[in-house]
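# Breakdown of the fold
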Amino acid sequence: MTFILRSTILNVLILIGALDGYSENGYDLWLRYAPITDSSLKDHYLDYFTSFHCIADDPTAVVIRKELALAASSMLGIIPNETSRSKASLVIATVENLDIPANITNQLGTEGYYISANRGQVTVTANTSIGLLYGTYHLLRLTQMGEPLGSLSIIEAPKTKIRILNHWDNLDRSSERGYAGFSIWDWHRLPGYIDQRYIDYARANASIGINATVLTNVNANAQVLTPMYLEKVKALADVFRPYGIRVYLTARFSAPIEIGGLKTADPLAPEVQTWWQKKAEEIYSMIPDFGGFLVKANSEGQPGPQNYGRNHADGANMLADALRPFGGTVMWRAFVYSDEEPDDRAKQAYNEFKPLDGQFHENVMIQVKNGPIDFQPREPFHPLFGAMPNTPLMMEFQITQEYLGQATQLVYLAPMYEECLQSDTYAKGESSTVASVIDGTLHDYQLTGMAGVANIGTDINWTGHPMAQSNWYAFGRLAWNPQLDAQQIADEWIRATFGNERKVVETISELMLNSWETAVSYMTPLGLHHLMGTSHHYGPAPWVDNLSRADWTPYYYHKSNQGGIGFDRTSTGSNATSQYFPPVASTFNDPDSCPEKFLLWFHHLPWTCKMKSGKTLWEALAYHYQNGVAEVRRMQAQWKQLKPYIDHERHQSVSMLLDIQEQEAIWWKDACMSYFQSKSGLPYPEAMEAPQHDLEYYQSLKFPFAPGIRPKW
Ligand code: GCV
């Protein structure tokens, strides 16, 4: 009786569910492997996935077999049958088992692959099992995208060596600038408890070519280097190894004092050097493929070599020497600035690091943020790119949206990454793009890499905002190949995440590709930057001008007064423009040639000066803020049209977030324009919707529990 009642209720629920559409919670990311409903396409894929032959036989091959089974059962309703090579429609084998011409195998390196199709058989081959895994994921991506497999000939190899996520995660599971719940690393239950999330995290990363991860925050805690925590790190490294992912840790420079009982952390002190050498030995005895250390030193209160009168090269080289016997790398961050230094914050990293070019040991890389301030909605490229020919520089992008709408706003970041990567530094004349610095071709770097500050947490959909998954995906794809374009990446991601329906692909693609420019427009148009609220960085607070450090106030960056607005970084101002190569330096230096998107980054200009459009600067500012709001409203309308095509849960979730985004865009416009009006004294242009509240209202807003703030311990 109870059973009958329960099943009746269940049927009703299913019926209601069916009326409402099915639901997905986003956990499967871009590896959804949605059932293929088009019968001819399904028949086509059945031809290739029904039987396979996999020659590799190691833990990575186990992963390949499992992924194939998962994908084929979900997309095609079959479990592929493992058979002999001659009978198989899909062959996955390293090159020594096949007859592959040397001109192809030579291009594959240790992670590349070759996919070919011949007489009804698809072959994935590589020099290594990891290459086979990457090739398998490529094949599955094409299948999810509905691409035919009959005439494939694809040669792929990554353009950078280290493609790494940086988790700003603390041992208490809080995550600095994390907006998707807690850290996924369950330190307390490690090493005994292996969460399924670790495996799915590894699958997701491997599917886009990410091959490394830094588990801990750059604002580091030395405890992670103690034996108890290293056991836990080892457990994670063991899970990730078959997926080709190496584990790195952040090294707190003062660890020898804090956990080693020494009196100093001076990099030139022999006892400090010995301590790190022993620590490296200990780590490698547990984790033989340990990647190395990421270090934030002498920045925002972190200890470093300068505490002992030494420089960054002294500090980095000491750690590098400890790691070198084991093949480890030091990634030393160039994110340094100090309020005790009177020079423009935008210049300080260049000033400190450029003179050290060539002084770093060969297993050191300098990790440079994309722009010279700090992951602002839009920054010009960092002047260090191109300026250190003798030191490998790696890129640091932020995937988590600290300054770009956190987890309430839809902002697809690939166009921003692309703008930076395609910027021409002119370091060696035309076509010396940032991408060519990063992939090592410009200066012949032996070490190359790209880091992304992760946006991953315990939220069921991993990234808080369902659409923010695209930024994790885009980072991985661009780290693999910095030349890819944002549109192609969006297309792949949308098809895997929401399906191949044309209306869905076209609408979401347009919406995503405009979203970054839209956010810049309603937050920090025309080169404005760092207008965000203190500490949490959520929402506008351009009026803040009285913190203990001037360089943490928004006022420092916009300097608006009755006369005008903007930071004068020209030769008559801070002269930051001189850190760029000609002709970039002169282009930025002259307000007439400076791209308007960077105008107020480099120039302090009168409110009434004329823009290229004929508008005054004041009118142009108002136009951008208003246009940003209008564009969010367009995004809402576009998304609404997709209701019949997208499952209820994900559609509803993005709809609600777009409503929040609209409110936040209005808030940005109103708060910034009322504040700037208090300086310019000019009337709002007619086309701008008047602010909903007065300036005092916006100034009174407080967010003491906003997510992602650095814990105080
Ligand atoms: C991890 C910014 C962020 C900090 C971050 C720092 C960094 O200042 O607000 O949370 O610290 O960048 O990149 O080190």
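Residues numbered from 1 in each chain as written. Predicted model: local features only at pLDDT ≥ 70, side-chain atom pairs only at ≥ 80, totals over all residues. Heavy atoms only, no water.

### Re the site of the ligand
Looking at the ligand, there are 16 residues lining it, with Glu-176, Lys-296, Arg-333, Lys-369 and Glu-402 nearest. Taking Glu-176, its side chain carries an N or O atom lying 2.5 Å from an oxygen atom of the ligand. In the environment of the ligand, an oxygen atom lies 2.6 Å from a nitrogen or oxygen atom belonging to the side chain of Lys-296. Considering the ligand on its own, with 330 Å² of exposed area, one finds that the protein chains cover 98% of that surface. Broken down by class, the residue content of the shell around the ligand amounts to four nonpolar, three polar and nine charged. (Near = heavy atom within 4 Å. Polar contact = N/O pair within 3.5 Å; in protein donor to acceptor, adjacent residues only side chain to side chain. Areas by Shrake-Rupley, 256 points an atom, 1.4 Å probe, with all protein chains shown as cover. Nonpolar A, V, L, I, M, F, W, Y, C, P; charged D, E, K, R; others polar.)

### Side note on the sheet that holds strand β1 (residues 51–54)
Here six strands make up an open sheet; going across it, the order is β2-β1-β3-β5-β4-β6 and the pairing mixed. The sheet is open, and its two edges are formed by β2 (81–82) and β6 (153–156), each paired on a single side. Contacting β3 (90–94), β4 (113–118), β5 (121–126) and β6, helix α5 (residues 129–144) runs over the sheet at an angle of about 140° to β5. (Pairing = 2+ DSSP bridges. Helix = DSSP H or I, 4+ residues; strand = E, 2+ residues; numbered from the N terminus. Contact = heavy atoms within 4.5 Å. Axes fitted to C-alpha atoms, helices over the stretch in contact; angles between N-to-C directions.)

### Here's the deal with the domain arrangement of the protein chain
Taken as a whole, the protein chain is organised into domain 1 (1–31), domain 2 (33–155), domain 3 (162–485) and domain 4 (521–567 + 604–700). Relative placement of domain 2 and domain 4: their C-alpha centres are 49 Å apart. (Domains from an automatic or database assignment.)

### Let's talk about unusual backbone geometry
A negative phi angle characterises most non-glycine residues, just as the trans form characterises most peptide bonds. Between Leu-190 and Pro-191 the backbone carries a cis peptide bond, its omega angle lying at 0°. If you trace the backbone, Pro-191 turns up in the loop between β7 (162–166) and α6 (196–207). For the bond running from Pro-582 to Pro-583, omega is 0°, close enough to zero to count as cis. Tracing the backbone shows Pro-583 in the loop between α17 (554–558) and α18 (584–589). Its identity as a non-glycine residue notwithstanding, Phe-375 has a phi of 50°, on the positive side. By the secondary structure assignment, Phe-375 is in the loop between β12 (364–369) and β13 (393–398). On the accessibility criterion, Phe-375 (3% relative accessible area) is buried. We note that Gln-406 has phi near 45°; this positive angle belongs to a residue other than glycine. Within the secondary structure, Gln-406 sits in the loop between β13 and α12 (414–421). Take Gln-406: its relative accessible area is 6%, and that puts it in the buried class. (Buried < 20%, exposed > 50% of the residue type's maximum accessible area, 1.4 Å probe, protein only.)

### Notes on α5
With 16 residues, α5 extends 22 Å between its outermost C-alpha atoms, agreeing within 8% with the 22 Å of an ideal straight helix rising 1.5 Å per residue. A large share of α5 lies buried, amounting to 16 of its 16 residues. Backbone geometry just downstream of α5 places Gly-146 in the positive-phi region, at approximately 75°. (Expected span 1.5 Å × (residues − 1).)

### Comments concerning the pairing of β3
Counting buried positions along β3 yields five of five residues, so the element is predominantly enclosed. Burial along β3 is two-sided: Leu-90, Ile-92 and Thr-94 and Val-91 and Ala-93, pointing in opposite directions, are all buried. Of the pairings in the sheet, the one linking β1 to β3 comprises three bridges and is parallel in character. If you follow Cys-54 over to β3, its bridge partner there is Ile-92. Pairing of β3 with β5 involves five bridges; the strand directions are parallel. Opposite Ala-93, over in β5, you have Thr-125 as the bridge partner.

### Thoughts on the nonpolar core
As a rule of thumb, soluble globular proteins bury nonpolar side chains together. Core analysis: the biggest nonpolar cluster contains 228 residues, and Phe-240, Trp-276, Trp-332, Trp-472 and Phe-676 have the highest contact counts within it. Per-element accounting of this core gives the leading share, eleven residues, to helix α21 (residues 648–680). For Phe-676, the contacting residues outside a window of four places in its chain are Leu-528, Leu-531, Pro-542, His-558, Ser-560, Ile-565, Trp-607, Trp-618, Leu-621 and Tyr-625. (Core = buried A, V, L, I, M, F, W, Y, C linked by side-chain atoms within 4.5 Å.)

### A few points about the UniProt feature "domain: Glycosyl hydrolase family 67 catalytic" (unreviewed entry) in the protein chain
Feature annotation in UniProt places "domain: Glycosyl hydrolase family 67 catalytic" (unreviewed entry) on residues 144–462, given in this structure's numbering. Between the C-alpha atoms that bound residues 144–462 there is a distance of 21 Å. The span itself is 26% helix and 13% strand. (UniProt positions renumbered as here; feature names shortened; annotations may be inferred.)

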